[in-house]
Amino acid sequence: MSTASFFQKIRTYHELSEAAELTWTKLLRQKIYKKGAHFINEGQQARKVAFVIQGLFAQYYPAPNGDLIIKYFFPEGRLAASVSAMLSHSPSLFTITAIEDTTVWEYDFFEFKNLFAVHPDIAAFYISYIELHWIIEKEPLEVSFREDTAKTRYDEFLIKYPNLVKRLKKHHIAAYLGITPTQLSRIFFAGK
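Numbers given for residues are sequential positions, taken from 1 along each chain in its written order. The predicted nature of this model means local features are confined to residues of pLDDT at least 70 and side-chain atom pairs, given and counted, to a pLDDT of 80 or more, with totals for whole chains, interfaces and linings taken over all residues. The basis for the side-chain values is all heavy atoms of the structure; hydrogens and waters are excluded.

1. Digging into the sheet that holds strand β1 (residues 29-33)
Selection criterion: When DSSP finds two or more bridges between two strands, those strands count as paired. Helix and strand definitions follow DSSP, with helices as H or I runs of at least four residues and strands as E runs of at least two, each counted in order from the N terminus.
Pairing in this open sheet of four strands is antiparallel, and the strands run β1-β8-β3-β6 from one edge to the other. The open sheet terminates on both sides in strands that have one partner only, identified here as β1 and β6 (79-80). One ladder, built from five bridges, connects β1 with strand β8 (residues 102-108); its direction is antiparallel. When the bridges of β8 are listed, glutamine 30 appears paired with tryptophan 105.

See the structure below:
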């Protein structure tokens, strides 16, 4: 499979030189994760980043009561990783699992970071990506989960992930919203 869609998405964050693309391409490995397979396990030393070509990953952790809390979904065109674990060289606090059969371009994060010294455009991509997804998008989401009602969070979910609703089971959406499937049903039917 061609890396064209991968670099097309990367260029939406920052333009890359042909030399940078060729160097980065050497790190890419295509891999398929069957539905239910883990990309990263909680407690694992994370090293990999995966660009989702087709399919869907969910990043989750167990709550003290045993319920799963979904922190993030990674559909097509997104990069999946346990970034904080890699940056801190600590075990991942999360598991990332394929909710569907998922095809990815996978690369080693630390080999990727070594490219920064030679290719400043790759470093600029990385900065743009982290700023958007770890600061600009993440902070309002954290505030929402502390202050908004479940109904408001559900409405925001529908705006953020309009194409995922049909691909997810009710318990996935509820786990993302921090509510039970029964509570989600009440919100859904109250809106009709």
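2. What about unusual backbone geometry?
With phi around 55 degrees, histidine 89 is a residue other than glycine that occupies positive phi space. When you line up the elements, histidine 89 lands in the loop between α3 (83-88) and β7 (95-98).

3. Structural notes on the pattern of salt bridges
It is possible for side chains bearing opposite charge to pair when their charged atoms get close. Short version of the rule: The rule for a salt bridge is simple: a side-chain nitrogen of Lys or Arg has to be within 4 Å of a carboxyl oxygen of Asp or Glu. To sort residues, take the accessible area from a 1.4 Å probe on protein chains only and compare it with the maximum for the residue type: under 20% means buried, over 50% means exposed, and anything in between is partly exposed.
Per the stated rule, a full pass over the model turns up six salt bridges. Residues arginine 167 and glutamate 76 are paired through a salt bridge, measuring 2.9 Å at the closest nitrogen-oxygen approach. Here arginine 167 is found in the loop between α7 (150-160) and α8 (170-177), whereas its partner glutamate 76 is found in the loop between β5 (68-74) and β6, with 91 residues between them in sequence. In this structure arginine 167 comes out as partly exposed when scored by relative accessible area, which is 27%. In this structure, the salt-bridge partner of glutamate 100 is arginine 167, at a minimum N-O distance of 2.7 Å. One end of the pair, glutamate 100, is in the loop between β7 and β8; the other, arginine 167, is in the loop between α7 and α8, with 67 residues separating them in the sequence.

4. Topic: the packing of aromatic side chains
Operational definition: Between rings of Phe, Tyr and Trp, where Trp is taken as its six-membered ring, a pair exists when centres lie within 6.5 Å; planes separated by under 30 degrees are stacked, by over 60 edge-to-face, and by other angles tilted.
This structure, assessed with the given rule, holds 29 aromatic pairs. Measuring from centroid to centroid gives 6.4 Å for phenylalanine 6 and tyrosine 107, while their planes differ by 70 degrees, and the two rings are edge-to-face. Highlighted residues: phenylalanine 6 in helix α1 (residues 4-10) and tyrosine 107 in strand β8, separated in sequence by 101 residues. Measuring from ring centre to ring centre gives 5.7 Å for tyrosine 13 and phenylalanine 125, while their planes differ by 80 degrees; the resulting arrangement is edge-to-face. Taken together, the positions of tyrosine 13 in the loop between α1 and α2 (18-25) and phenylalanine 125 in helix α5 (residues 120-136) put the pair 112 residues apart, joining distant regions of the chain.

5. A look at the environment of valine 165
The condition that has to hold: Contacts between residues were defined by any pair of non-hydrogen atoms, one from each residue, lying within 4.5 Å.
If you trace the backbone, valine 165 turns up in the loop between α7 and α8. Leaving out residues up to four positions away in the same chain, valine 165 has contacts with Phe157, Leu158 and Ile173.

6. Digging into the nonpolar core
A general tendency of soluble globular proteins is for nonpolar side chains to be buried together. Using the following cut-off: Nonpolar cores were defined as sets of buried Ala, Val, Leu, Ile, Met, Phe, Trp, Tyr and Cys residues, with membership established by side-chain atoms within 4.5 Å.
Of all hydrophobic cores here, the largest spans 62 residues; its most connected members are Phe6, Trp24, Phe57, Phe73, Tyr107, Phe112 and Phe125. Considering every element that reaches this core, the biggest residue donor is α5, with six residues.

7. Some points on α2
Going by this rule: Comment: arc refers to directions from the helix axis out to C-beta atoms.
Turning to α2, its buried residues are Ala20, Glu21 and Trp24. Across the axial projection of α2, the buried residues extend over an arc of 100 degrees, all falling on one side. Away from its buried face by more than 90 degrees, α2 exposes Glu18 and Leu22. In the core, the buried residues of α2 are packed alongside α1, β8, α4 (109-114) and α5.

8. Description of the sheet that holds β7
Worth spelling out the cut-off: Lines fitted to C-alpha atoms define the axes, with helix axes restricted to the stretch in contact, and inter-axis angles between N-to-C directions lie between 0 and 180 degrees.
Pairing is antiparallel across the open sheet formed by four strands, whose spatial order is β2-β7-β4-β5. Only two strands of the sheet have a single partner each, and these edge strands are β2 (38-40) and β5. Within this sheet the neighbouring strands show an average axis-to-axis angle of 30 degrees, counted without direction. Sheet topology places strand β4 (residues 57-62) next to β5; six bridges connect them, and they run antiparallel.

So, to be careful, I would describe these as geometric facts and stop short of saying anything about function.
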